[in-house]
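Chains, contacts and geometry: an overview
One letter stands for each residue in the lines below.
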Amino acid sequence: MSQRPTGSAARGVDFFDVDSELSDEERLVRDTVRAFVNDKALPILDAAFVNDRFPSELIPAIAEMGLLGASITGYGCAGANSVAYGLICQELERGDSGLRSFVSVQSSLVMYPIHAFGTEAQKEKWLPRLAAGEAIGCFGLTEPDHGSDPGTMLTRAEQRGSGWVIRGAKAWITNGSIADVALVWAKTDEGIRAFLVEKGTPGFTTHDYRNKFSLRASVTSELFFDDCEVPGDALLPGTTGLKHALMCLTQARYGIAWGTIGMAAACYEAALHYADQRIVFGRPVSSFQLQQAKFAEMLTEISKGQLLNLRLGRLKDQGRADFAQVSMAKRNGCRTARQAAHLAREILGAAGVVHDYPIARHFCNIEAVYTYEGTDDIHTLILGDRITGKPAFE
Ligand SMILES: Cc1cc2nc3c(=O)[nH]c(=O)nc-3n(C[C@H](O)[C@H](O)[C@H](O)COP(=O)(O)OP(=O)(O)OC[C@H]3O[C@@H](n4cnc5c(N)ncnc54)[C@H](O)[C@@H]3O)c2cc1C
């Protein structure tokens, strides 16, 4: 994280010198993505958000930096470690949650399951194109009437000859209408399984949500499967139950844990800069105790989040990270970002409700991020289950 630009005694948003815990390679990845976000993304993100538009013109540069499927080795992917992947998400979401969501979905929810559960032919067909940004993917799990409880999904896939017929609908799907391939979860006689449905397959249509106040720089769509016939090799053979969908979610939640701390840092830095410039009662806003308490709160929570994420990343690279730890980090990151966005918005006064500063955008975005990939409530229940051994979901 950069030091505070004003040159005062504050130690910016790396108060515990987390930087020195990173390898040279991890720092290089972070600095490369940070420069991209500063130079290429931030100048267009506000307009993209206001115009309800995903800035797809950034995809080639994102692919060029190796950010798509970064954790996968081979198939044109970068083979980065988990900490580097986390840092990628942190920097992208410092820009905008829509940008991070695009990379999360492509990497953790489409490329990861193809790599983990697909045939060699499926990997060869899709992974190099997805890594190069030549193909876009989406992940269809949520349904109009089944979000937090995907095990009760209604979408069904039935065998017909050598292929399958899919019937049902998916709701709130990131990248839905721009995806070349939809990774769709459906109930079969052998349990919940995933299918790769290509754009243009007869019976497969999409419809975009146009009324979001959150994640506006991201495409969100409904997917409809009306007697949609797919060939036998559309099935991801390694998927045999909901546990495999949950494994994908664990990957994506890990990235969100890092991304949300990036968002919190963006809010903190923007508010600090504003509070140094804005004069009230003859003094900078930042010189008042009430405002300093807000900065102390933000910096404390950001620092805790950075340390938690780094430890989680190291555990993940050792194969020792557990899904409940990922739940804690996702829940913590979202809470930290939500609080930072609220405090930062408050510090900016009226300027906090307009798009001239990035805070209003983050303030809106965190509401979707707090809800998707398991709501705060669901992660609380996951932790409650882990702590007590008594699942309280139903
Ligand atoms: C912008 C955006 C993008 C998204 N992208 C995707 C995507 O790419 N793919 C995908 O599959 N999904 C996606 N989602 C869907 C997202 O994952 C769901 O919205 C989320 O899982 C919550 O489901 P729901 O909205 O149906 O809420 P519900 O499940 O209806 O929950 C409503 C409320 O009830 C609470 N609740 C639920 N269960 C319990 C319980 N057992 N105990 C106590 N309280 C409970 C919840 O916390 C929430 O507050 C996206 C959502 C948004 C907003």
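Everything quoted here is computed from the prediction, not taken from an experiment.

Our next topic: the packing of helix 1 (residues 24-50) against helix 9 (residues 359-371). Running from N to C, helix 1 and helix 9 point in directions that differ by 60 degrees, and their axes come no closer than 11 Å. Classified by the angle between their axes, helix 1 and helix 9 sit oblique to one another. For helix 1 against helix 9, the interelement crossing comes out left-handed. Residues L42, L45, D46 and F49 of helix 1 form the contact with helix 9, whose own contacting residues are R361, C364 and N365. The residue inventory of the contact of helix 1 with helix 9, partitioned by class, reads four nonpolar, one polar and two charged.

This paragraph deals with the packing of aromatic side chains. Throughout the structure, instances matching the rule amount to eleven aromatic pairs. Considering the side-chain rings of Y85 and Y254, the 6.5 Å spacing of their centres and the 25 degrees angle between planes classify their relative orientation as stacked. You can see Y85 sitting in helix 3 (residues 82-95) and its partner Y254 sitting in helix 6 (residues 242-277), a full 169 residues away along the chain. Of the two residues, Y85 and Y254, neither departs from the other in class, the shared state being buried. Where Y268 meets F295, the ring centres are 5.9 Å apart and the plane angle is 85 degrees; that geometry is what we call edge-to-face. Of this pair, Y268 sits in helix 6 while F295 sits in helix 7 (residues 289-317), and the two are 27 residues apart along the sequence. On the accessibility criterion, Y268 (4% relative accessible area) is buried. Linked through ring pairs, Y85, Y254 and W258 together constitute an aromatic cluster. Lying across the ring of F49, R216 places its NZ or CZ 6.0 Å from the centre. Its guanidinium or amino end placed over the ring of Y254, K316 lies 5.1 Å from that ring's centre, counting from NZ or CZ.

Reading guide: rules and limits
Residue positions are given per chain, counting from 1 as you read along its sequence in written order. Restriction of local features to residues with pLDDT of at least 70 applies here, the model being predicted, together with a cutoff of 80 or more for giving and counting side-chain atom pairs; totals for whole chains, interfaces and linings are based on all residues. The basis for every side-chain value is the complete set of heavy atoms in the structure, and neither hydrogens nor water enter the calculation. Each axis is a line fitted through C-alpha atoms, taken for helices only over the stretch in contact, and angles between the N-to-C directions span 0 to 180 degrees. The helix count covers DSSP runs of H or I at least four residues long, the strand count covers runs of E at least two residues long, and both are numbered beginning at the N terminus. If an angle is under 35 degrees, it is roughly parallel; if it is over 145, roughly antiparallel; if it lies from 65 to 115, roughly perpendicular; otherwise it is oblique. Each crossing is labelled by how the near helix is turned from the far one, with a counterclockwise turn of less than a right angle marking it left-handed and a clockwise turn marking it right-handed. It only takes one pair of heavy atoms within 4.5 Å for two residues to be counted as in contact. Classes in brief: Ala, Val, Leu, Ile, Met, Phe, Trp, Tyr, Cys and Pro nonpolar; Asp, Glu, Lys and Arg charged; the others, Gly included, polar. Side-chain rings of Phe, Tyr and Trp, where Trp is taken by its six-membered ring, are said to pair if the distance between their centres is within 6.5 Å; with planes under 30 degrees apart they count as stacked, over 60 as edge-to-face, and otherwise as tilted. A 1.4 Å probe rolled over the protein chains alone gives each residue an accessible area, and that area as a share of the maximum for its type sets the label: buried under 20%, exposed over 50%, partly exposed in between. Geometrically, a charge over a ring is one whose NZ (Lys) or CZ (Arg) sits within 6 Å of the ring centre while staying within 35 degrees of the ring normal.

Note that every value here comes from positions in space, so none of it alone points to a role or purpose.
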